[in-house]
Amino acid sequence: MNRPDANSADQSANKDDDAVWLDLVARLEGTGTSEAGNPPSAGPLNPAPGDGGLPRRESSKAFRDFDPLGLSTPPDEATAVPASSEGAGRPLGPRDFEVEDDDDAFVPEEPPSLAGTEPLTMLAWVGAVGGPIALLFTAMFWRSAPLVAILGIVAAFVASVVFLIMRLPQEKNEDDDGARI
């Protein structure tokens, strides 16, 4: 890769980028405090003496106060109340607020017991799930399995899947919105 000549016109753009970067760092590292909680003024750029003419912006926020996403500001006090008043000098965090439990939360009903399932349907599910697993174990541990055993496993899987598909409801209930299974 060719490097540009140090005296070329493109180097002036690099110097401007350096000045912008130094300005950004200077604004983020400012240690002054604003009075009465007012945000710092975004006044004009003031070159500081001894900085070689680099622009420097007056800032009243320290780097630790920089929060562009507003994550460190507490939520609205109307919705959350601090749990305790200890440590009033520190900023509020997520554990300083109580969680509101909703008594009307959704609680799903208990699923039906598998003991009451029709035996043929249970056998079809065992064949549909167990068939591929049996083929996998046969391929890993019983490499010399006879062709009849492999074809039997495949036939049991196909028959199980066909049985389960045939058991699906054929007509659609017009009152059902699909929210329940």
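Remember, predicted model here, so these are calculated numbers, not experimental data.

1. With respect to the overall build of the chain
Okay, so step 1: Along its length, the chain carries three helices and two strands.
Okay, so step 2: Traced from its N-terminal end to its C-terminal end, the chain shows the element sequence α-β-β-α-α.
Okay, so step 3: In the chain, the share of contacts with a sequence separation of at least 24, taken over all contacts with a separation of at least 6, comes to 49%.
Okay, so step 4: Per element, the accessible surface of the chain, about 15800 Å² overall, is 60% carbon and sulfur.

2. What to know about a nonpolar patch on the surface
Okay, so step 1: Taken together, Leu135, Leu147, Ile150, Leu151, Val154, Phe157, Val158, Val162 and Met166 make up a surface patch of nonpolar side chains, about 760 Å² in accessible area.
Okay, so step 2: When residues of the nonpolar patch are assigned to their parent elements, the largest contribution, eight residues, is made by helix α3 (residues 147-166).
Okay, so step 3: Along the chain, Leu147 falls in helix α3.

3. Re the confidence of the model for the chain
Okay, so step 1: Averaged over every residue, the pLDDT of the chain is 74; the share at 70 or more is 59%.
Okay, so step 2: Low pLDDT, under 50, characterises residues 32-39; the predicted model gives this stretch five contacts beyond four residues in sequence or across chains.
Okay, so step 3: Long-range and interchain partners of residues 41-45, a stretch whose pLDDT sits below 50, account for seven contacts in this model, where long-range means more than four residues apart.

4. Topic: a negative patch on the surface
Okay, so step 1: Taken together, the side chains of Glu98, Glu100, Asp101, Asp103 and Asp104 present a region of like negative charge at the surface.
Okay, so step 2: Within the element layout of this structure, Glu98 appears in the loop between β2 (55-56) and α2 (119-141).

5. As for the pattern of salt bridges
Okay, so step 1: In the structure shown here, the tally under the stated rule is two salt bridges.
Okay, so step 2: With its nearest N and O atoms 3.4 Å apart, the salt bridge here joins Arg27 to Asp23. Placement of both Arg27 and Asp23 in helix α1 (residues 10-28) is noted, with a separation of four residues, approximately one turn of the helix.
Okay, so step 3: Given the relative accessible area of 31%, Arg27 is considered partly exposed.

6. Some points on the environment of Phe157
Okay, so step 1: Within the secondary structure layout, Phe157 lies in helix α3.
Okay, so step 2: Counting along the chain gives 29 residues from Phe157 to Ala128, while the straight-line C-alpha distance between them is 5.0 Å.
Okay, so step 3: In contact with Phe157, other than residues within four places in its own chain, are Gly127, Ala128, Gly131 and Pro132.

7. Section: the UniProt feature "transmembrane region" (unreviewed entry) in the chain
Okay, so step 1: Within the UniProt annotation, "transmembrane region" (unreviewed entry) is assigned to residues 122-142 and 148-166.
Okay, so step 2: Secondary structure across residues 122-142 comprises 95% helix and 0% strand; the distance between its end C-alpha atoms is 27 Å.

What counts as what
- Residues numbered from 1 in each chain as written.
- Predicted model: local features only at pLDDT ≥ 70, side-chain atom pairs only at ≥ 80, totals over all residues.
- Heavy atoms only, no water.
- Helix = DSSP H or I, 4+ residues; strand = E, 2+ residues; numbered from the N terminus.
- Contact = heavy atoms within 4.5 Å.
- Areas by Shrake-Rupley, 256 points an atom, 1.4 Å probe, with all protein chains shown as cover.
- Patch = residues over 30% accessible without salt bridge, like charges linked within 9 Å, V, L, I, M, F, W, Y side chains within 5 Å.
- Salt bridge = Lys/Arg side-chain N within 4 Å of Asp/Glu carboxyl O.
- pLDDT = per-residue confidence, 0-100.
- Lys, Arg positive; Asp, Glu negative; His and termini not counted.
- Charge placed at Lys NZ, Arg CZ, Asp CG, Glu CD.
- Buried < 20%, exposed > 50% of the residue type's maximum accessible area, 1.4 Å probe, protein only.
- UniProt positions renumbered as here; feature names shortened; annotations may be inferred.

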